[in-house]
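What follows is the residue order along each chain.
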Amino acid sequence: GISASAVGQAARSGSATVGFKANPAAARPTLTHFALAFLARQGLVQGWVQQNHDGLPQKAGCPQHVINEIHGSWFDPGNPVVKYSGSLHERAYPWMRQEAETADLVLVLGTSLGGLNADQVATNAAHRSLRGGALGTVCINLQQTPQDGLMTLRLFGKSDDVLKL
């Protein structure tokens, strides 16, 4: 994901340690975090479905009311971290479902779209775009995903490199 270069790679099993930082709380936001936070402050990002727990969107200046930390947060005692095999928080899931049903344009940045609940935000907007009901979904990622064929625009690369353009 977009935090992998800052915090380290994490797989669903929690056993992957590629690039893992001993103190993830000291991680700094990436260019992607700063770009999205800027867009959010300008009112151009209405929702950020955050699957990481790292607080990097907030560190980049993204307004908290925009961020739905669906798997919890290391920095919010009221939103404890949920394991990938666990249930999403009572407040996070309905908010994410609302985003899935109403988002006009979704940016997928660095996630594998590998079957988690949050995938519906991207796939629903992509399906609506096929009927003219949304702009669709843009995916910027290094690897292929099972949903690549649905994307309105698909770019292979690191989000930091693409957003520099």
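Located above this text is the structure these notes cover.
Residues numbered from 1 in each chain as written. Predicted model: local features only at pLDDT ≥ 70, side-chain atom pairs only at ≥ 80, totals over all residues. Heavy atoms only, no water.

Trainee: Residues and numbers for the packing of helix 4 (residues 92-102) against helix 5 (residues 119-130), please.
Mentor: A pair of packed helices can be characterised by two numbers: the angle between their axes and the separation between those axes. The contact between helix 4 and helix 5 brings their axes to 7 Å, and the two run at 20 degrees. Taken as axis vectors, helix 4 and helix 5 run roughly parallel relative to one another. The hand of the helix 4/helix 5 crossing is right-handed. Contacts between helix 4 and helix 5 pair Tyr93, Met96, Arg97, Glu99, Ala100, Glu101 and Thr102 from the former with Gln120, Val121, Asn124, Ala125 and Arg128 from the latter. The residue inventory of the contact of helix 4 with helix 5, partitioned by class, reads 5 nonpolar, 3 polar and 4 charged. (Axes fitted to C-alpha atoms, helices over the stretch in contact; angles between N-to-C directions. Helix = DSSP H or I, 4+ residues; strand = E, 2+ residues; numbered from the N terminus. Parallel < 35°, antiparallel > 145°, perpendicular 65-115°, else oblique. Left-handed = near helix turned anticlockwise from the far one by under 90°. Contact = heavy atoms within 4.5 Å. Nonpolar A, V, L, I, M, F, W, Y, C, P; charged D, E, K, R; others polar.)

Trainee: An account of the environment of Val162 is requested, with residue identities and associated values reported.
Mentor: With respect to the helices and strands, the residue Val162 is situated in helix 6 (residues 159-164). Put simply, Val162 and Asn141 are 21 residues apart on the chain and 9.7 Å apart in space, counted from C-alpha to C-alpha. Residues within four places of Val162 in sequence aside, it is in contact with Ile140 and Leu155.

Trainee: Would you mind going over the pattern of salt bridges in detail, with residue names and values included?
Mentor: Applying the stated criterion across every chain, the model contains 3 salt bridges. One salt bridge connects Asp76 with Arg91, and the closest N-O pair in it is separated by 3.6 Å. Taken together, the residues span a long stretch of sequence, with Asp76 in the loop between strand 2 (67-69) and helix 4 and Arg91 in the loop between strand 2 and helix 4 at a distance of 15 residues. You can call Asp76 partly exposed: its relative accessible area is 27%. For Arg154, the salt bridge is made with Asp148, and the minimal N-O distance between the two is 2.7 Å. (Salt bridge = Lys/Arg side-chain N within 4 Å of Asp/Glu carboxyl O. Buried < 20%, exposed > 50% of the residue type's maximum accessible area, 1.4 Å probe, protein only.)

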